[in-house]
Amino acid sequence: MTPSQETAQEAALQTAGSMVVETALGFAGFAWSAAGLTRLYLFQHDRAAVERRLERLGAAPLAGGSAVPAWVAALADRIRAYAAGETVDFSSVPVDLAGIDDFRLAIYAATRRLGYGETTTYGELARLAGHAGLPRETGQAMGSNPVPLIIPCHRVLAAGGKVGGFSAPGGSIAKQRMLELEGVRVGPPPAPQQSFAF
């Protein structure tokens, strides 16, 4: 390949952009920069709603004929696989967290260490991130997470193993559905079976 062909091939890669992916759980949309993923919108039934959210970011849609970086194509496949119930690891997905304060960066880094089907509480996550005693602030950081699923805030529960809040569409119900997909049962234990008196 000649240098001019290599330059043309590199130019064809859309180093920043956005796309919408159809999955078994609905439409997901995400945007990326040359440095990594910048935003992820989780599963909605209305494709146009996801597209509008991406447009409000100013994220350019995938241009016709443009190739995406390999990691972006792989991410789209992984999101589809996750929604179909497959065990997926998103820990290697590059994220661009430019402009995010040190506290949230520490919380997000600790959250990314939670594996598929693994949960913790806001208080424990704060401790793991070096900010013990700040569960409320940790919850607020989860609420402003720009890339849920990649930074798996759905795996962080309220005290006592309660579901807690979730800022993605569908709220706590969506969070519980994602946890169930990963084999995590949240909520009170089932009532014990009553014995029969004979």
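Up top is the structure these notes are about.
Summarised in this report is the structure supplied together with it. (Residues numbered from 1 in each chain as written. Predicted model: local features only at pLDDT ≥ 70, side-chain atom pairs only at ≥ 80, totals over all residues. Heavy atoms only, no water.)

As a further point, take the sheet that holds strand β2 (residues 26-32). Taken together, three strands build an open sheet; the order of strands is β1-β2-β3 and the sheet is antiparallel. Across the chains shown, the open sheet's two edge strands, defined by having one partner strand only, are β1 (17-23) and β3 (37-44). Direction aside, the axes of adjacent strands within the sheet are offset by 15° on average. Pairing analysis gives seven bridges linking β1 to β2, with the strands arranged antiparallel. Pairing of S18 across the sheet is with A31, part of β2. In the packing of helix α2 (residues 47-57) onto the sheet, the strands contacted are β1, β2 and β3, and the crossing angle to β2 comes to about 15°. With respect to the sheet, helix α3 (residues 70-83) is in contact with β1, β2 and β3, its orientation differing from that of β1 by roughly 25°. (Pairing = 2+ DSSP bridges. Helix = DSSP H or I, 4+ residues; strand = E, 2+ residues; numbered from the N terminus. Axes fitted to C-alpha atoms, helices over the stretch in contact; angles between N-to-C directions. Contact = heavy atoms within 4.5 Å.)

Once that is clear, we can look at the environment of A31. Tracing the sequence through the fold places A31 in strand β2. Counting along the chain gives 29 residues from A31 to A60, while the straight-line C-alpha distance between them is 8.2 Å. Among residues more than four places away in sequence, those in contact with A31 are G17, S18, L37, T38, R39, L54, L57 and A59.

With that settled, consider the nonpolar core. F30, L40, F43, I79, F90 and L149 are the most contacted members of the largest nonpolar core, which totals 44 residues. Secondary-structure elements contributing two or more residues to this core are β1, β2, β3, α3, α4 (102-112), α5 (122-128), α6 (135-143) and α7 (171-181). Sorting elements by how many residues they give to this core places α3 first, with seven residues. For F30, the contacting residues outside a window of four places in its chain are G17, S18, M19, V21, L37, R39, L40, L54, V72, L75, A76 and I79. (Core = buried A, V, L, I, M, F, W, Y, C linked by side-chain atoms within 4.5 Å. Buried < 20%, exposed > 50% of the residue type's maximum accessible area, 1.4 Å probe, protein only.)

On to the pattern of salt bridges. Evaluated as defined, the whole model comprises five salt bridges. Of the charged contacts in the structure, one is a salt bridge between R47 and E51, with a shortest N-O distance of 3.0 Å. Of this pair, R47 and E51 are both found in helix α2, four residues apart, which corresponds to roughly one turn of the helix. R47 sits in the partly exposed class, given a relative accessible area of 35%. Of the charged contacts in the structure, one is a salt bridge between R104 and D101, with a shortest N-O distance of 2.9 Å. (Salt bridge = Lys/Arg side-chain N within 4 Å of Asp/Glu carboxyl O.)

Another aspect to go through is the pairing of β2. With seven of seven residues buried, β2 is to be regarded as a mostly interior element. What sits between the antiparallel neighbours β1 and β2 is a turn of two residues. Note: β2 against β3, five bridges, orientation antiparallel. Across the sheet, W32 pairs through a bridge with L37, a residue of β3. The hairpin turn running from β2 into β3, its antiparallel successor, is four residues long, and G36 in that turn takes a positive phi close to 150°.

Since the α-helix advances by 3.6 residues per turn, residues separated by three or four positions end up pointing in the same direction. Along α4, the residues that are buried comprise F103, R104, I107, Y108, A110, T111 and R112. Of the surrounding elements, those touching the buried residues of α4 are α5, α6 and β5 (156-157). Structurally, the start of α4 carries an N-cap: the backbone nitrogen of F103 is 3.1 Å from a side-chain oxygen of D101. (Polar contact = N/O pair within 3.5 Å; in protein donor to acceptor, adjacent residues only side chain to side chain.)

Counted by the stated rule, this structure contains three aromatic pairs. Aromatic pair Y82 and Y116: ring centres 6.1 Å apart, planes at 75°, arrangement edge-to-face. Of this pair, Y82 sits in helix α3 while Y116 sits in the loop between α4 and β4 (120-121), and the two are 34 residues apart along the sequence. Owing to a relative accessible area of 0%, Y82 belongs among the buried residues under this scheme. Its relative accessible area of 23% is what places Y116 among the partly exposed residues. An aromatic cluster is present here, built from Y82, F90 and Y116 joined pairwise through their rings. (Phe/Tyr/Trp six-rings, centres within 6.5 Å; stacked < 30°, edge-to-face > 60°.)

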